[in-house]
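# Residue-level structure breakdown
Chain by chain, the residues:
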Amino acid sequence: MKVDTARGGFEVARTGDGGRPLVALHALALSGRVWDPMAAALAGSHQVFAPDARGHGGSDWDGGPFSIADLADDVAAIVETVADEPVDVVGLSMGGSTAILLAQRHPDLVARLVLADTTADYGPDRVAQWTERAEKAVGVPREKQVTFQVDRWFSPSFVEAHPDEVRRVSDIFVATNSQAHAAACHAFAGLEAEAGLGDIQAPTLVLVGREDYATPPAMAETLASRIPHAHLEVLDDTRHLSLIERPDIWPVVEKHLS
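Residues numbered from 1 in each chain as written. Predicted model: local features only at pLDDT ≥ 70, side-chain atom pairs only at ≥ 80, totals over all residues. Heavy atoms only, no water.

### Let's talk about the overall build of the chain
Per the secondary structure count, the chain includes 11 helices and 8 strands. Radius of gyration (C-alpha) of the chain: 16 Å, near the 18 Å computed for a compact globule of 258 residues. When its C-alpha atoms are laid out on the principal axes, the chain stretches across 45 × 40 × 35 Å. Across the 258 residues that make up the chain, the buried fraction comes to 57%. Contacts in the chain between residues at least 24 apart in sequence constitute 79% of all its contacts with a sequence separation of at least 6. Accessible area for the chain stands at about 10,400 Å²; split by element, carbon and sulfur atoms hold 50% of it. One way to put it: in the chain the 21 positive side-chain charges average out to a point 2 Å from where the 38 negative ones average out. (Helix = DSSP H or I, 4+ residues; strand = E, 2+ residues; numbered from the N terminus. Rg over C-alpha atoms; globule rule 2.2 N^0.38 Å. Buried < 20%, exposed > 50% of the residue type's maximum accessible area, 1.4 Å probe, protein only. Contact = heavy atoms within 4.5 Å. Areas by Shrake-Rupley, 256 points an atom, 1.4 Å probe, with all protein chains shown as cover. Lys, Arg positive; Asp, Glu negative; His and termini not counted. Charge placed at Lys NZ, Arg CZ, Asp CG, Glu CD.)

This is the structure:
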């Protein structure tokens, strides 16, 4: 469904009609459709809203630069439109960074948090790192970026055992606007949210794949140690898209959100 807010129009996949509202925020260069399997699994206990970030999927974007804080404010506008109570928030990678800023900037909108394979700061090399990623996002045909992405997203054993799911996620990536992908990379270059981690009061589950080299376990440990009510789970044999690779962890997420 399209949700029109003062900040623009956002495509939002909605699953389930009852239960607590849950907002699921996707990773870089994907869309809310990446959550379809998990949303279906959680629909019995939650009404799941999975928005596309600006410029991703079917959401509007004016083509200008934006920050992760802007993405958080976009989500706040969506929440204020679709929910009449604080929502649970699950954020994966870029979605997790967005969720961190959402909880810092709009604490009244967030009931509980799940932060998966994410960070509040990519460190001192972030500008050079993400500038290079932005250049590749627009300079390399999307189909030729898939091999690099899949290696980051999923463990080799998952790729071998679940080719259909790898293809589903890859197709979402290929369909993503390259300019929006690059703009989101530049947004990561400016991400500095560690100072506010201690202000987050929502009970928080932090998840990370032990083999995640995009946002490695040390970054998750920082989140778990600085967010007051946080618990860390490190998932063996798992890479960057842990909540896609490990459906067996969905009951743990549901328990945290109950």
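### A closer look at the packing of helix 5 (residues 142-153) against helix 7 (residues 163-175)
In the contact formed by helix 5 and helix 7, the axes pass within 10 Å of each other and the chain directions differ by 130°. The orientation of helix 5 with respect to helix 7, classified from their angle, is oblique. As for how helix 5 packs across helix 7, the hand of that crossing is right-handed. From helix 5, R142, E143, Q145, V146, Q149, V150 and W153 reach across to helix 7, where they touch V166, V169, S170, F173 and V174. When the residues that make up the contact of helix 5 with helix 7 are grouped by side-chain class, the tally is 7 nonpolar, 3 polar and 2 charged. (Axes fitted to C-alpha atoms, helices over the stretch in contact; angles between N-to-C directions. Parallel < 35°, antiparallel > 145°, perpendicular 65-115°, else oblique. Left-handed = near helix turned anticlockwise from the far one by under 90°. Nonpolar A, V, L, I, M, F, W, Y, C, P; charged D, E, K, R; others polar.)

### Overview of the packing of aromatic side chains
Each pair of aromatic rings is reported with the distance of its centres and the angle of its planes. Applying the stated rule across the entire model yields 7 aromatic pairs. Summarising the aromatic geometry, the rings of W61 and F66 are spaced 6.1 Å apart at their centres and angled 85° between planes, so their arrangement reads as edge-to-face. Arranged with centres 5.1 Å apart and planes meeting at 75°, the rings of Y122 and W130 form a pair that is edge-to-face. The buried category is assigned to Y122, whose relative accessible area is 9%. (Phe/Tyr/Trp six-rings, centres within 6.5 Å; stacked < 30°, edge-to-face > 60°.)

### Section: the layout of surface pockets
Rolled over the atoms, a probe as big as a water molecule pinpoints where empty space is left. Taken as a whole, the largest pocket spans an internal volume of roughly 180 Å³. Lining of the largest pocket is provided by Q129, E132, R133, K136, A137, V140, K144, Q145, F148, Q149 and H181. Secondary-structure elements contributing two or more residues to the lining of the largest pocket are helix 4 (126-139) and helix 5. Broken down by element, the lining of the largest pocket gets its largest block of residues, 5 residues, from helix 4. (1 Å grid on protein atoms, 1.4 Å probe; cavity = no way out; pocket = protein on both sides within 12 Å on 5 of 7 lines; lining within 4 Å. Points joined across faces, edges and corners; volume = space filled by probe spheres on them.)

### A word on the sheet that holds strand 1 (residues 2-5)
The strand order across the open sheet built from 8 strands is 1-2-4-3-5-6-7-8, with neighbouring strands paired in mixed fashion. The two strands at the open ends of the sheet, each matched to only one other strand, are strand 1 and strand 8 (230-235). Adjacent strand axes in the sheet meet at a mean angle of 25°, parallel and antiparallel pairs treated alike. Pairing between strand 1 and strand 2 (residues 8-15): 4 bridges, direction antiparallel. (Pairing = 2+ DSSP bridges.)

### Re the pattern of salt bridges
Here the idea is simple: oppositely charged side chains can pair when their charged atoms come close. On inspection of all chains with the given rule, the structure shows 18 salt bridges. Here R239 ties to E211 by a salt bridge, and the two come within 3.7 Å at their closest N and O atoms. Here R239 is found in the loop between strand 8 and helix 10 (242-245), whereas its partner E211 is found in the loop between strand 7 (204-209) and helix 9 (217-226), with 28 residues between them in sequence. When its relative accessible area of 32% is taken as the criterion, E211 is described as partly exposed. One network of salt bridges, in which partners are shared, links R7, R54, D70 and D74. (Salt bridge = Lys/Arg side-chain N within 4 Å of Asp/Glu carboxyl O.)

### Notes on helix 8 (residues 178-189)
Between its first and last C-alpha atoms helix 8 spans 17 Å; for 12 residues at 1.5 Å apiece the expected length is 16 Å, and the two agree. Counted residue by residue, helix 8 has 9 buried out of 12 residues, so it is predominantly covered. Taken together, the buried positions of helix 8 are occupied by A180, H181, A182, A183, A184, C185, A187, F188 and A189. Contact partners of the buried residues in helix 8: helix 2 (68-82), helix 3 (94-105), helix 4, helix 5 and helix 7. Capping the start of helix 8, N177 holds a side-chain oxygen 2.7 Å from the backbone nitrogen of Q179, two or three residues further along. (Expected span 1.5 Å × (residues − 1). Polar contact = N/O pair within 3.5 Å; in protein donor to acceptor, adjacent residues only side chain to side chain.)

### A look at the pairing of strand 6 (residues 110-116)
Among the 7 residues in strand 6, 5 count as buried, and that is most of the element. Sheet topology note: the strand 5 (residues 87-92)/strand 6 ladder contains 5 bridges and is parallel. Residue pairing for strand 6: V90 is matched across the bridge by V114. Of the strand pairs in this sheet, strand 6 and strand 7 are connected by 4 bridges, and their pairing is parallel.

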